[in-house]
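These are the residues of each chain, in order.
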Amino acid sequence: MLRDITLGQYYPADSIVHKLDPRVKLFGTMIYIVSLFVMRGVVALGVATLFLFCVIRVSKVPFRFMVRGLKAIMVLLLITAVFNLFLTPGEPLVSVWKISVTEEGLTNAVMMAIRLTFLILGTSIMTLTTTPNQLTDGMEKALMPLSKVGVPVHAIAMMMSIALRFIPILIEETDKIMKAQMARGADFESGNLLRRVKNMIPLLVPLFISAFRRADDLAMAMEARCYQGGRGRTKMKPLRYAGRDGAAYLLLLGYLAVVIACRILLPWPQ
Amino acid sequence: MEMIRAEQLVYEYIRRDEEGNVEAISTALDHVDLHVRPGEFIAILGHNGSGKSTLAKHINALLTPGEGSLWVDGKDVSLEENVYDVRQTAGMVFQNPDNQIIASVVEEDVGFGPENIGVPTEEIWQRVEESLRAVGMLKYRHHSPNKLSGGQKQRVAIAGVMAMQPKCIVLDEPTAMLDPNGRRDVIRTAHELNREKGVTIVLITHYMEEVVDADRVFVMDQGKIVMQGTPREIFSQVGKLKEYRLDVPQVTILADMLRQAGLDIPLGVLRREELVDAIMRAAM
Amino acid sequence: MRESMSIILDKVNHIYSPDTAYQIQALRDVSLEILDGQFIGIIGHTGSGKSTLIQHLNGLMRATSGHIYFHGKDIYDEDFDLRELRNRVGLVFQYPEHQLFETTIFDDVCFGPKNQGLSKDEAGLRAFEALRSVGLPEELYYQSPFDLSGGQKRRVAIAGVLAMKPEVLILDEPTAGLDPAGRDEILDLVARMHRERGMTVLLVSHSMEDVAKYVQRIIVMNQGQVMLDGTPKQVFAHYKELEAVGLAAPQVTYLMHELVERGLSVDTEATTVEEARASLMEALTGLVAARRDIHVPGKD
């Protein structure tokens, strides 16, 4: 069950998306997210969909891997959709008692669900095709200017990359502790919300303890290998832009331009 | 010059209560002397809490001696300016294979150490390739560590240390969490590095069968070194080893029993073949 | 001893992540009968399916296909109470000390009995009994479990399962990461539970030498299948096959076989040091006596 979360899991494959500079993928993801919120109308939606699926195809990551990441946010997705569906003011389509569904609400709910789904898929492409270390390198380099104003960019980047590496390990551990407590008769599934939260204690306490122990061990292992922060550090895989990265930037900007153009030039809602 | 020279090393763990008052003091190292020559393969045996891991952490400058002194390759570990030199000279492999791999791809993890000490990019690649080849893990270079077995992860950890080109590697119970296959691979790798690259090895373990091929063996108990000698000298004192709660291999115990029953079996039998030969001679 | 079958497995298969790139068949047509009161060792190296197997026995994992019967009832029947099964089949996971969570040792051990629906007093009684049986000093009962040594923590965790009074006790590598003294303590404890309470015990391990002197039956798992199943002596007779799959029989087994190959008449079924010594002494003193009896002409 918990193994299904794909966010933060690298899928090794030999594709052009894998080879892109992580900065391209970072900015690309941001551009894509921006485009999702800028887009209005069916044409823009079509463009965004086409773009997404082309990139997925090119990345050689099996589609079902992408979809698996969605399961984890299903609840969030539904809640957002329901809120939009019932709470958007406008012309009521159906009315039952005090609750009514408006046309705007329906459109909003559908658009919001699509946006969130695409957002997760888009981000998943980045995490599935970029190793956490590359991602960190990308972020570190992209954010380096901030270190001049005292932001500990290297430390943040390192923290993120370690967090990403340990996500699968901690998920596995959660699974294990859960089973161990279930073997002692623990019940994680039934009862009301309060009861369920209380039932989580036997899971959360050991998990925290284990996470701290791992953090302690890891810090020592890093120190033993002469880690002393970003100072004097070289890179095994330094970031250098290649021709394909420039092309990718052009493609991304072109895509954004089309989506913006759709918003300005085409009438909406269609 | 000696690779490791410890003189009258003392280390105490001090536990304090919430107000900072000393609650308990436990002496982890109690006046330990240790001398290791370059290129030697030494093993330190002892049960949990005997102080062997505390000693290991000193050799890597993760702990600083409370009393006494320790030099690694001629450098005093107590001096702040020597810390990174010492860590580069004496690399360390820990017990838990999961908690010492930093990167999500094998080769990037091996490159972590060299990156930290500022090795130029091209040379990092060379070192990573060489180290992974030396531990027999080159074909896994693009793999995720999470998909490897415990023994394979430990070999990646060893490669990570090798990439820093240390003169000495301290392995702190590297096999405690592994299955028999993994244990055998890790110990064999340590011996290969010792033989082929001349790396000094300090192997810390509680499995006696792993120390059979070491040059010298030290036994620790309650923070002291209580026995030292060649494996044969150590293995010949079965009664004493049992007193120190060590697990004497079956053949060694059997040989000892047979000898005490009056058979002509030599002292300190290490391997099965030796005992087979000795019994056949006794039967002639 | 009752000769009834407490657990029967009928062609159990388990497939992890089916229909993906990571698909693994962890169990392949496993059929087993576990008798009441048996002490069984399950041996196999990492990835052999032994951990997956035991999680099926108390219903924590569901077989992809096949049936498991507990006292004659199919545990996958809709009206079968899985919680009741977990009460009766106690499972101690690997590194069980990692599941401790309460502020005191005593409370932690009470967790299982409380989940069984016992009253506070009754749960407390069970906890006392369990803690006493694992040999933890009484003055520690109300301390935090996190201040204990590794071996002590593990004993507390085992007490947590014992307090549920299971009929079947399954332990997944209960000695992993312990030193020899800690290992012997745990194995002796488990053997005592079997002896004194008549519990059915399944001990998962990758060390043949550890289990050889305790168990009555050994099940060897390899690549998700039962490779060998029998008494320790029967299983170790296949020492060459065991070695081929990366498992080793006890050192003395090899020793005795090698001596036989060299022409000495000794008992190849010896698995413990004691047995080997007895057989060797007999063979060697016999030889010496025989040599004395032979009259060598011209020599006296």
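In this text, all values refer to a predicted model and were calculated from it rather than measured experimentally. Numbers given for residues are sequential positions, taken from 1 along each chain in its written order. As they are written, the chains are lettered A onward and the ligands numbered 1 onward, keeping that order. Under the rules for a predicted model, residues below a pLDDT of 70 receive no local features and side-chain atom pairs below 80 are neither given nor counted, while totals for whole chains, interfaces and linings still include all residues. The side-chain values count all of the structure's non-hydrogen atoms but skip hydrogen atoms and water molecules.

A. Quick look at the overall build of chain B. Regarding its fold elements, chain B presents ten helices and ten strands. In terms of overall dimensions, chain B has C-alpha extents of about 65 × 55 × 40 Å along its principal axes. We call two residues in contact whenever any of their non-hydrogen atoms come within 4.5 Å of each other. Considering only intrachain contacts with a sequence separation of at least 6, the fraction spanning at least 24 residues in chain B is 64%. Entry remark: accessible area of chain B is about 11200 Å², with carbon and sulfur atoms responsible for 44%. With 31 positive and 44 negative side-chain charges, chain B shows a separation of 5 Å between the mean positions of the two kinds. Numbered from the N terminus, helices here are DSSP runs of H or I no shorter than four residues, and strands are runs of E no shorter than two. Residue-level accessible areas treat just the shown protein chains as cover; the underlying method is Shrake-Rupley with a 1.4 Å probe. A positive count includes Lys and Arg, and a negative count includes Asp and Glu. His and the chain ends are not counted in either. Charged groups are reduced to one reference atom each: NZ for lysine, CZ for arginine, CG for aspartic acid, CD for glutamic acid.

B. Structural context of helix α4 (residues 63-72) of chain A. To sort residues, take the accessible area from a 1.4 Å probe on protein chains only and compare it with the maximum for the residue type: under 20% means buried, over 50% means exposed, and anything in between is partly exposed. Listed as buried for α4(A) are A:F65, A:M66, A:R68, A:G69 and A:L70. Contacts from the buried residues of α4(A) go to α3 (41-59), α5 (74-87) and α6 (103-129) of chain A.

C. Local environment of unusual backbone geometry. Not every positive phi belongs to a glycine, and B:D73 is a case in point at roughly 50 degrees. By secondary structure assignment, the location of B:D73 is in the loop between β4 (67-72) and β5 (75-76). B:D73 gets classed as buried once you look at its relative accessible area, which sits at 14%. A positive phi angle, close to 40 degrees, is found at C:E173, a residue other than glycine. What makes C:E173 buried here is its relative accessible area of 9%.

D. Structural view of the interface of chain A and chain C. Between chain A and chain C, the residue contacts involve 20 residues of the former and 24 residues of the latter. When two parts are put together, the accessible area they lose, computed with a 1.4 Å probe and summed over both, is reported as buried area. Counting the surface lost from both chain A and chain C, the interface buries some 2000 Å², and carbon and sulfur atoms represent 60% of this. Counting the surface chain A buries against chain C, the share from its top three residues, A:K179, A:A183 and A:R184, is 36%. When a carboxyl oxygen of Asp or Glu lies within 4 Å of a side-chain nitrogen of Lys or Arg, that pair is called a salt bridge. Seen at the junction of chain A and chain C, the total is two salt bridges. A salt bridge links C:R83 to A:D187; its shortest N-O distance comes to 3.5 Å. Residues are grouped as follows: Ala, Val, Leu, Ile, Met, Phe, Trp, Tyr, Cys and Pro are nonpolar; Asp, Glu, Lys and Arg are charged; all remaining types, including Gly, are polar. Residues belonging to the side of chain A that touches chain C are distributed by class as follows: twelve nonpolar, two polar and six charged.

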